[in-house]
Amino acid sequence: MSTSAVAGAVPSTERSSFYFYFSLVFVAIAFGGFARTYVIPVATGAFGGPALLHVHGILFLGWTVLLVVQTNLAARGHVERHRALGLIGISLATAMVFTAIAVVVRGLSLAEAMGNGEGARTLAVVPLTPIALFIVLFSCAIANVRRREIHKRFIMLASIALLPPAIARVLLMFFGDGRAPNFAAAVDSTDLVLKASLGAAFLAYVPLIVVLAVRDWRTLGRPHRVYWIGGLAMIVVQLLRVPLARTELWQSAMNVLLTLRS
């Protein structure tokens, strides 16, 4: 998933373990961020959420594991296996998108029933922004599957786009009450969650993209244009999403999304 899926062996001079070790960072952030609110409660039998949240959690945590496997295969030159798992990656990404939307719709529906609909609709920008960025960046990766250098960089950016929710939970643990963002309590927590999510996005995006760009600088003599264009777009989206979430247009869009509830 992080390198090209074209046939044939990758020359040893072009192989590197950098992306494999870098993908381990994603695993650490994802599992560490959700340890208190999901991983540990599930392991101890204390998690009482619905099956949908289990599916959602398994798929998204599974993405980081698959990324590690794929970058390892690419680093070792096992391109055929990499290609085969790449098809699984497309299916996984598709399932991730649908379950993420389903989780948001469920949260909005619960909040609406409790009279907290307006705050919840505003707060919905927090989970929807990462998944929207993921869709765009992953689509760019698939569109460039035969252009290895572009493909693997878009995969890295797509994976980075998913990290803010995990980092936000760490921030809420230190600066809030440590609980996961709750649509049903959106009226009381909207401002805090929006601030935490914005800080989390910059903590996820800026350092990780800078590391990738510096690595390119050392190996290529300049950061790849994917990081310039994609990274800048990711940051701009984060800056615009909070003002957008407070508009009537966004509220109307969330009302449309609510029509998907069963």
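Residues numbered from 1 in each chain as written. Predicted model: local features only at pLDDT ≥ 70, side-chain atom pairs only at ≥ 80, totals over all residues. Heavy atoms only, no water.

Asker: Would you mind going over the confidence of the model for the protein in detail, with residue names and values included?
Answerer: Of all residues in the protein, 86% have pLDDT values of 70 or greater, and the mean over the chain is 84. Across the protein, the secondary-structure element scoring lowest on mean pLDDT is helix H8 (residues 164-175), at 76, and the one scoring highest is helix H7 (residues 148-161), at 94. When the criterion is pLDDT under 50, residues 1-14 qualifies, and its contacts beyond four places in sequence or with other chains add up to 47 contacts. (pLDDT = per-residue confidence, 0-100. Helix = DSSP H or I, 4+ residues; strand = E, 2+ residues; numbered from the N terminus. Contact = heavy atoms within 4.5 Å.)

Asker: How would you summarise the packing of aromatic side chains if you had to cite specific residues and measurements?
Answerer: Following the criterion strictly, the structure yields eight aromatic pairs and no others. With a centroid separation of 5.6 Å and an interplanar angle of 20°, the aromatic rings of phenylalanine 18 and phenylalanine 22 are classed as stacked. Here the residue phenylalanine 18 and the residue phenylalanine 22 both occupy positions in helix H1 (residues 18-33), the gap between them amounting to four residues, near one helical turn. Ring geometry for tyrosine 38 against phenylalanine 47: centres 5.1 Å apart, planes inclined by 80°, an arrangement best described as edge-to-face. One aromatic cluster is present, built from ring pairs that chain together Phe18, Tyr19, Phe22 and Phe26. (Phe/Tyr/Trp six-rings, centres within 6.5 Å; stacked < 30°, edge-to-face > 60°.)

Asker: Outline the environment of glycine 107, listing residues and values.
Answerer: Among the secondary structure elements, glycine 107 is positioned in helix H4 (residues 79-113). For glycine 107, a relative accessible area of 7% gives the class buried. Between the alpha carbons of glycine 107 and alanine 120 there is a distance of 7.7 Å; along the sequence they are 13 residues apart. (Buried < 20%, exposed > 50% of the residue type's maximum accessible area, 1.4 Å probe, protein only.)

Asker: Break down the environment of histidine 82 for me, with residues and values.
Answerer: Here histidine 82 shows up in helix H4. A C-alpha to C-alpha distance of 9.1 Å links histidine 82 and asparagine 72, two positions 10 residues apart in sequence.

Asker: Break down the side chain of arginine 153 for me, citing the residues and quoting the values.
Answerer: Mapping arginine 153 onto the fold places it in helix H7. When its relative accessible area of 1% is taken as the criterion, arginine 153 is described as buried. Beyond its immediate chain neighbours, meaning those up to four positions away, arginine 153 contacts Tyr19, Asp216, Leu220, His224, Val226 and Tyr227.

Asker: Explain helix H6 (residues 125-143) to me, and be specific about the residues and the numbers.
Answerer: In a regular helix each residue adds 1.5 Å, so 19 residues correspond to 27 Å; H6 covers 27 Å between its end C-alpha atoms and thus fits that length. Within the sequence span of H6, burial applies to Val125, Val126, Leu128, Thr129, Pro130, Ile131, Leu133, Phe134, Leu137, Phe138 and Ala141. (Expected span 1.5 Å × (residues − 1).)

Asker: Break down the packing of helix H2 (residues 35-44) against helix H3 (residues 51-75) for me, with residues and values.
Answerer: Two elements in contact, H2 and H3, have axes separated by 12 Å at closest approach and are oriented at 110°. Here H3 runs roughly perpendicular to H2, going by the angle between their axes. Between H2 and H3 lies a crossing of left-handed hand. For the pair H2 and H3, the contacting residues are Tyr38, Val39 and Val42 in the first and Leu53, His54, Gly57, Ile58 and Leu61 in the second. Grouping the constituent residues of the contact of H2 with H3 by class yields six nonpolar, two polar and no charged. (Axes fitted to C-alpha atoms, helices over the stretch in contact; angles between N-to-C directions. Parallel < 35°, antiparallel > 145°, perpendicular 65-115°, else oblique. Left-handed = near helix turned anticlockwise from the far one by under 90°. Nonpolar A, V, L, I, M, F, W, Y, C, P; charged D, E, K, R; others polar.)

Asker: Can you explain the packing of H3 against H7? Please cite residues and give values.
Answerer: Axis separation between H3 and H7 bottoms out at 11 Å; the angle between their running directions is 155°. The angle between H3 and H7 falls in the class roughly antiparallel. Here H3 and H7 pass one another in a crossing that is left-handed. Of the residues in H7, those touching H3 at Trp63, Leu67 and Thr71 are Ile155, Met156 and Ser159.

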